Amino acid sequence: MAFTEWLSEPAIRTVICKHADAEKYIVNNVLTPGKTYEVKNETEEFIFIIDNTGKVGGYYKTYFE
């Protein structure tokens, strides 16, 4: 299970959050616009980052540059 080691693995790259205005989900608690986040994994639709809670979370790519 590779996802259990994402927290300790090195980052693939970094991304900057452009906004935290979600239509369906509440993300303004865990994402800060303008802040840089380390990408731990990526799919076609989602980016998995260490968010403001200190845990790995999956978010739509539309929130990031």
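Before any of the text, the structure's been laid out above.
Residues numbered from 1 in each chain as written. Predicted model: local features only at pLDDT ≥ 70, side-chain atom pairs only at ≥ 80, totals over all residues. Heavy atoms only, no water.

Student: For this particular structure, what's the right way to read the overall build of the chain?
Tutor: Looking only at helices and strands, the chain features 0 helices and 4 strands. Ordered by position from the N terminus, the helices and strands of the chain form the series β-β-β-β. Its C-alpha atoms give the chain a radius of gyration of 11 Å, near enough to 11 Å, the size a compact globule of 65 residues would have. Counting only C-alpha atoms and orienting by the principal axes, one finds that the chain spans roughly 30 × 20 × 20 Å. Every one of the 65 residues in the chain was classed for burial, and the buried ones make up 26%. Counted over contacts in the chain with a minimum sequence separation of 6, partners at least 24 positions apart contribute 40%. Counting every atom, the chain has about 4,500 Å² of accessible surface; 52% of that belongs to carbon and sulfur. In the chain, 7 positive and 10 negative side-chain charges are present, and the distance between their average locations comes to 2 Å. (Helix = DSSP H or I, 4+ residues; strand = E, 2+ residues; numbered from the N terminus. Rg over C-alpha atoms; globule rule 2.2 N^0.38 Å. Buried < 20%, exposed > 50% of the residue type's maximum accessible area, 1.4 Å probe, protein only. Contact = heavy atoms within 4.5 Å. Areas by Shrake-Rupley, 256 points an atom, 1.4 Å probe, with all protein chains shown as cover. Lys, Arg positive; Asp, Glu negative; His and termini not counted. Charge placed at Lys NZ, Arg CZ, Asp CG, Glu CD.)

Student: Just to check I follow, could you spell out the environment of Pro-10 for this structure?
Tutor: Topologically, Pro-10 is positioned in the segment before β1 (13-16). Separated by 19 residues in sequence, Pro-10 and Asn-29 place their C-alpha atoms 25 Å apart.

Student: Help me understand the pairing of strand β2 (residues 36-42), please; the structure alone is not making it clear to me.
Tutor: Taken residue by residue, a regular strand's side chains alternate between the two faces of the sheet. Summarising the sheet, β1 and β2 pair through 4 bridges and their orientation is antiparallel. Within the sheet, the bridge partner assigned to Val-15 lies in β2 and is Tyr-37. Pairing geometry for β2 and strand β3 (residues 46-50), over 3 bridges, is antiparallel. Bridge assignment links Val-39 to a residue of β3, and that residue is Ile-49. The turn linking β2 back onto β3 is made up of 3 residues. (Pairing = 2+ DSSP bridges.)

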